[in-house]
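Residue strings, one per chain:
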Amino acid sequence: MTRLLFWIALVILVVAAVRSKLRAAMVRAQEPSAGPAPASAGADAQAWSRVEDKSEPMLCCARCGVYFPSSEAVRAGGRDYCGPAHAHEAQQDAR
Ligand SMILES: [Zn+2]
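Residues numbered from 1 in each chain as written. Predicted model: local features only at pLDDT ≥ 70, side-chain atom pairs only at ≥ 80, totals over all residues. Heavy atoms only, no water.

Caption draft 1: Main features of the overall build of the protein chain. The helix and strand tally for the protein chain stands at 3 helices and 4 strands. When the helices and strands of the protein chain are read in sequence order from the N terminus, they spell out α-α-β-β-β-β-α. Counting over 95 residues, the protein chain shows a buried share of 11%. Across the protein chain, the fraction of contacts at a sequence separation of at least 24, relative to all contacts at a separation of at least 6, is 7%. Accessible surface, the protein chain: about 7800 Å² in total, of which carbon and sulfur atoms supply 62%. (Helix = DSSP H or I, 4+ residues; strand = E, 2+ residues; numbered from the N terminus. Buried < 20%, exposed > 50% of the residue type's maximum accessible area, 1.4 Å probe, protein only. Contact = heavy atoms within 4.5 Å. Areas by Shrake-Rupley, 256 points an atom, 1.4 Å probe, with all protein chains shown as cover.)

Next comes the structure, spelled out in structure tokens:
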């Protein structure tokens, strides 16, 4: 009985290993340009996708021209500002 369980566990492990290898190969094949190091290409792609997830578009302040992350933007009158002070100043000048 113990031998049977051992062989079942071994087969499950082999199938899982083959499936993970195939999935890694599929991900590598979908990339537009694979790097020269195929062993670490999967890990590199994961690291790059994590970096891209954290990035966000930069916007230009309509008042002072400084660039800032879009999450910090203050929108007023259809334009983006770096902070509420510049949004207020621009609104004051418009009047
Ligand atoms: Zn500004």
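Caption draft 2: Highlighting the nonpolar core. If you look at the biggest cluster of nonpolar residues, it comprises 6 residues: C61, F68, A76, Y81, A87 and A90. Residue contacts for Y81: discarding those within four places in its chain leaves C61, A62, R63, F68, E72, A73, V74, A76, H86, A87, A90 and Q91. (Core = buried A, V, L, I, M, F, W, Y, C linked by side-chain atoms within 4.5 Å.)

Caption draft 3: Structural detail: the coordination of the zinc ion. Summarising the metal site, the zinc ion is bound by the protein donors C61 (SG), C64 (SG), C82 (SG) and H86 (ND1), whose distances to it range over 1.9 to 2.3 Å. Angles of 98 to 123° at the metal separate the 4 donor atoms of the zinc ion, which places the site in the tetrahedral class. Here the donor residues for the zinc ion map to a single chain with the spacing C-x2-C-x17-C-x3-H. One end of the pair, C64, is in the loop between β1 (58-60) and β2 (67-69); the other, H86, is in helix α3 (residues 84-94), with 22 residues separating them in the sequence. Given the relative accessible area of 41%, C64 is considered partly exposed. (Donors = N, O, S within 2.8 Å, 3.2 Å for Na, K, Ca; no water. Tetrahedral: all angles 85-135°; square planar, octahedral: opposite > 155°, others 65-115°.)

Caption draft 4: A look at the side chain of D80. With respect to the helices and strands, the residue D80 is situated in strand β4 (residues 79-81). Of the residues examined, D80 reaches a relative accessible area of 16% and is grouped as buried. At 2.7 Å, the side chain of D80 forms a polar contact with the side chain of R75. Not counting chain neighbours up to four residues away, the residues in contact with D80 comprise L59, C60, C61, A62, F68, A73, V74 and R75. (Polar contact = N/O pair within 3.5 Å; in protein donor to acceptor, adjacent residues only side chain to side chain.)

Caption draft 5: Looking closely at the environment of Y81. Tracing the backbone shows Y81 in strand β4. Y81 sits in the buried class, given a relative accessible area of 3%. For the pair Y81 and F68, spaced 13 residues apart in sequence, the C-alpha to C-alpha distance is 8.8 Å.

Caption draft 6: Seen up close, α3. Taken residue by residue, α3 has H86, A87 and A90 as its buried positions. For α3, the arc enclosing every buried residue in end-on projection is 105°, short of the 170-degree limit, so these residues lie on one face. The exposed residues of α3 that point more than 90 degrees off its buried face are P84 and A85. Buried residues in α3 make contact with β3 (74-76) and β4. (Arc of directions from axis to C-beta.)

Such coordinate-based values are descriptive only and should not be taken to indicate function.
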